[in-house]
Amino acid sequence: MGIFPSEWKIARVIPLQKKGSRSVLDNYGPISILPVISKIFEKILYEQLYEYFTTNNLLSEQQFGFRRFHSTSTALLDCTDEWYVNMDRGLYNLAVFLDLKKAFDTVNHDILLAKLELYGIKNTPLMLLKSYLSDRSQKCQVNGELSTLKYLKYGVPQGSILGPLLFLIYINDLPNCLQHSTARMFADDTNITVSGKSIKEAEVAVNVDLNNIREWLLSNRLSLNLVKTEYLLIGSRHNINTLEEQPRVFIGDEPIKGVQVTKTLGVKIDQFLTWDSHIDQISKKISSGISAMKKIKDFTNSDTLNQISIMPDTVKGLKEANKALRSKIEELKSQLNEVSKKITSHTNKKLAIEDQPQVMSNDQNKAVEFIGKQYDDLDAFRKQATQDIKKISSRLDKVSRSCDEIYEAIEAIETYSYQYNIKIVGLPPVNDKESSDVTAALCVKLFSALGVNDVSLQDIDTAHRVPKRNRNLPASPAQ
């Protein structure tokens, strides 16, 4: 009772490149390949432990990773919702994106077991989890070669079923150390946000909480990768562009660098929440994929054929997402037009009032002067808002044009995939009433438009089982 077999605790570790150069060791993460029987037993443990923590509402609401009904999407929605609300209120958002160094590999077993006991895991279940964590060993495999066996004193195995849940429990109390900020965690990917009416207010609040986080990390034997930790000041263009100085953010005595664009949970976020950087990144990926597709000429193996055959489902998803995005763009344009009309209407009313002769007492004049000054401030804001609306409309037009280009590219991929399927696998015999000349002319036009200039009419004849051809048609797409 309470013993996890030692044979199930031997892992074969494969280094998996996360990003960056292949020659930099820090760009790799370990993935543990474990015995199948151990993963079956881990699954049973996981279900019972997860049910206990969810039933008793013990997991932090600010943790979005490795939980049912939670995802990167819900984490991002929670963040951006707060940022947008604060922007509407005229506040500054100061978001710090923390990068924990080797978080899964540096979990202290004694601290984790102590936390499990505090959460009510005791006696045999606690002994079983202690046995699961202790005396683990691994061999590293690179290029087919295995290293010698090494025993592990710290960490939870990445690639296991139980490991991610144990890590969530380990950092579950991190939000408790925060006084002014809100944390969002997706496993070890953590960010905190403070808001303030002024930069100074936000700066003081975030530095207090970063000091609290520093103490929490020291107590839990974890550390930050300061090179990759950064902050992003998020606000309206008017607020950001009129700043006289940038916030100074520190953790301990180490300064945190500020950025204008950062990537978190797979999405690029800029300080104005325009999403331009993310849209450009996706557009470049799609363009690169289309370019690669156009250059493919040899279809000789079944793997390539399988990739082509599954493309319609992928393309369908892209088209639906594109259509939804364009719908949102049109909705935003409509809202911007309504705001612009209201601003114009208020301006016309002000001009009409100013044109009317007024006979007033001194007190009334002073009151009018005060109101006039306030109105002038509002008028300045109106002018800035009008400029911002024009800029946003311009960006929306740009995004809309990009959507049209992407849609055309998607259509090209569909056509390209379909036509090459014809060339590879052929079609059933042509119906007697079908004009092979028309079909061939269409194929020639499509291939030529896609930049494929080495497909002859003979290839098309072979694909369509055409016995003879009207010789008045062009000999090849290149002509």
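What comes next is a walk through the structure.

Cut-offs applied
Residues numbered from 1 in each chain as written. Predicted model: local features only at pLDDT ≥ 70, side-chain atom pairs only at ≥ 80, totals over all residues. Heavy atoms only, no water. Helix = DSSP H or I, 4+ residues; strand = E, 2+ residues; numbered from the N terminus. Buried < 20%, exposed > 50% of the residue type's maximum accessible area, 1.4 Å probe, protein only. Lys, Arg positive; Asp, Glu negative; His and termini not counted. Salt bridge = Lys/Arg side-chain N within 4 Å of Asp/Glu carboxyl O. Contact = heavy atoms within 4.5 Å. Axes fitted to C-alpha atoms, helices over the stretch in contact; angles between N-to-C directions. Parallel < 35°, antiparallel > 145°, perpendicular 65-115°, else oblique. Left-handed = near helix turned anticlockwise from the far one by under 90°. Pairing = 2+ DSSP bridges. Patch = residues over 30% accessible without salt bridge, like charges linked within 9 Å, V, L, I, M, F, W, Y side chains within 5 Å. Areas by Shrake-Rupley, 256 points an atom, 1.4 Å probe, with all protein chains shown as cover. Polar contact = N/O pair within 3.5 Å; in protein donor to acceptor, adjacent residues only side chain to side chain.

**Some remarks on the side chain of Arg67**
- Residue position: Arg67 is located in the loop between helix H1 (36-55) and helix H2 (72-88).
- Buried and unpaired, Arg67 has Glu61 as its nearest opposite-charge partner, separated by 7.8 Å.
- Beyond its immediate chain neighbours, meaning those up to four positions away, Arg67 contacts Tyr50, Leu59, Ser60, Glu61 and Leu168.

**Looking at the packing of H1 against helix H5 (residues 163-170)**
- The N-to-C vectors of H1 and H5 enclose an angle of 30°; their axes lie 10 Å apart at closest approach. With respect to their mutual orientation, H1 and H5 come out roughly parallel. For the pair H1 and H5, the sense of crossing is left-handed. When H1 is examined against H5, the residues Glu42, Tyr46, Leu49, Tyr50 and Phe53 are found in contact with a partner set consisting of Gly163, Leu165, Leu166 and Ile169.

**Concerning unusual backbone geometry**
- In the Ramachandran plot, Asp135 falls in the positive-phi region, its phi being about 55° despite a non-glycine side chain.
- Mapping Asp135 onto the fold places it in the loop between helix H4 (123-133) and strand S4 (136-142).
- Of the residues examined, Asp135 reaches a relative accessible area of 56% and is grouped as exposed.
- Even without a glycine there, the phi angle at Ala187 is positive, about 60°.
- Within the secondary structure, Ala187 sits in the loop between strand S7 (182-186) and strand S8 (189-196).
- Assessed through its relative accessible area of 4%, Ala187 is described here as buried.

**Observations regarding the environment of Asn225**
- Of note, Asn225 is situated in the loop between helix H6 (199-219) and strand S9 (230-234).
- Non-local contacts of Asn225, meaning those with residues more than four positions away in its chain, are made with Asp99 and Lys101.

**Observations concerning the sheet that holds strand S12 (residues 257-259)**
- With mixed pairing, five strands are arranged side by side in an open sheet as S7-S8-S3-S9-S12. The open sheet terminates on both sides in strands that have one partner only, identified here as S7 and S12. Within the sheet, the average angular offset between the axes of one strand and its neighbour, ignoring direction, is 25°.
- Contacting strand S3 (92-99), S8 and S9, H6 runs over the sheet at an angle of about 145° to S8.

**Here we look at a nonpolar patch on the surface**
- On the surface, Ile14, Leu16, Ile31 and Ile33 cluster together to form a nonpolar patch covering roughly 290 Å² of accessible area.
- Of all the secondary structure elements, the ones that give two or more residues to the nonpolar patch are strand S1 (10-17) and strand S2 (28-33).
- Within the secondary structure, Ile33 sits in strand S2.
- Its relative accessible area of 34% is what places Ile33 among the partly exposed residues.

**Considerations on the side chain of Asn108**
- Within the secondary structure layout, Asn108 lies in the loop between S3 and helix H3 (109-118).
- For Asn108, the side chain forms a polar contact with the main-chain nitrogen of Asp110, separated by 3.0 Å.
- In this structure, Asn108 is in contact with Tyr154, Tyr170 and Arg221, ignoring residues within four places of it in sequence.

**Here's the deal with the pairing of S3**
- The buried count for S3 comes to seven of eight residues, which makes it a mostly enclosed element.
- Sheet analysis places S3 next to S8, joined by eight bridges and oriented antiparallel. The partner of Asp99 across the bridge, within S8, is Asp189.
- Across five bridges, the pairing between S3 and S9 is antiparallel. Bridge pairing in S9 links Asn93 to Ile234.

**Notes on the environment of Ile161**
- Here Ile161 shows up in the loop between strand S6 (150-152) and H5.
- Along the backbone, Ile161 and Lys39 are 122 residues apart, and their C-alpha atoms lie at a distance of 6.6 Å.
- Sequence-distant contacts of Ile161, that is, excluding residues within four places in its chain, are made with Lys39, Glu42, Lys43 and Tyr46.

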